[in-house]
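Structural features, examined
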Amino acid sequence: MLKQQSHIVAPIPDDLRTRALYTVNELRERGKADKEAIDKLFNLIVDMTEQGLDFFFLEPLRRLHASNMMMGMAKMGIGSMLKGSKMVVHKVLKKLDDRSLAAILDFIEDIIHEPEPA
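It should be emphasised that the depicted structure is a prediction, and the values quoted were computed from it without experimental measurement.

**Quick notes on the packing of helix α2 (residues 35-63) against helix α3 (residues 68-94)**
- Put simply, α2 and α3 touch, their axes get as near as 10 Å, and they point 155° apart. Relative to α3, α2 is oriented roughly antiparallel. The two elements α2 and α3 cross, and the hand of that crossing is right-handed.
- Taken together, the residues of the contact of α2 with α3 sort by class into 17 nonpolar, three polar and five charged.

Here is the structure:
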């Protein structure tokens, strides 16, 4: 789906990629949107969101050699965004059913890619 559209890319650490794919496979096999699945999915989404926010908002500032004060202000703003998004994601996931769980797992699987060979 995404490869047929223009898209942006954010790198993630290998351990997060491995955990994401493992979590997707584990939750897909279980097929139940129970509390354990919701907790694992929530933690994964939060970690992926943190990585994306860092890359898209803080990395440009690091590359521009922004001052400590500017970085501090940016981190505070991103912290507020993350806190708000955690609340929304948690509320949405609490109402998750098995079919919606499968759709979210498909989406996560669709956005995770291995690095291209050098």
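That was the structure; now back to the text.
**Things to note about the pattern of salt bridges**
- For the structure shown, the criterion picks out 13 salt bridges.
- In this structure, the salt-bridge partner of Arg19 is Asp47, at a minimum N-O distance of 2.7 Å. A residue pair is termed long-range when its members are at least 10 positions apart, and Arg19 in helix α1 (residues 14-30) and Asp47 in helix α2 qualify at 28 residues.
- Residue class for Arg19 comes out partly exposed when judged on its relative accessible area of 33%.
- With its nearest N and O atoms 3.1 Å apart, the salt bridge here joins Arg28 to Glu109. One end of the pair, Arg28, is in helix α1; the other, Glu109, is in helix α4 (residues 98-111), with 81 residues separating them in the sequence.

Rules and cut-offs
Residues numbered from 1 in each chain as written. Predicted model: local features only at pLDDT ≥ 70, side-chain atom pairs only at ≥ 80, totals over all residues. Heavy atoms only, no water. Axes fitted to C-alpha atoms, helices over the stretch in contact; angles between N-to-C directions. Helix = DSSP H or I, 4+ residues; strand = E, 2+ residues; numbered from the N terminus. Parallel < 35°, antiparallel > 145°, perpendicular 65-115°, else oblique. Left-handed = near helix turned anticlockwise from the far one by under 90°. Nonpolar A, V, L, I, M, F, W, Y, C, P; charged D, E, K, R; others polar. Salt bridge = Lys/Arg side-chain N within 4 Å of Asp/Glu carboxyl O. Buried < 20%, exposed > 50% of the residue type's maximum accessible area, 1.4 Å probe, protein only.

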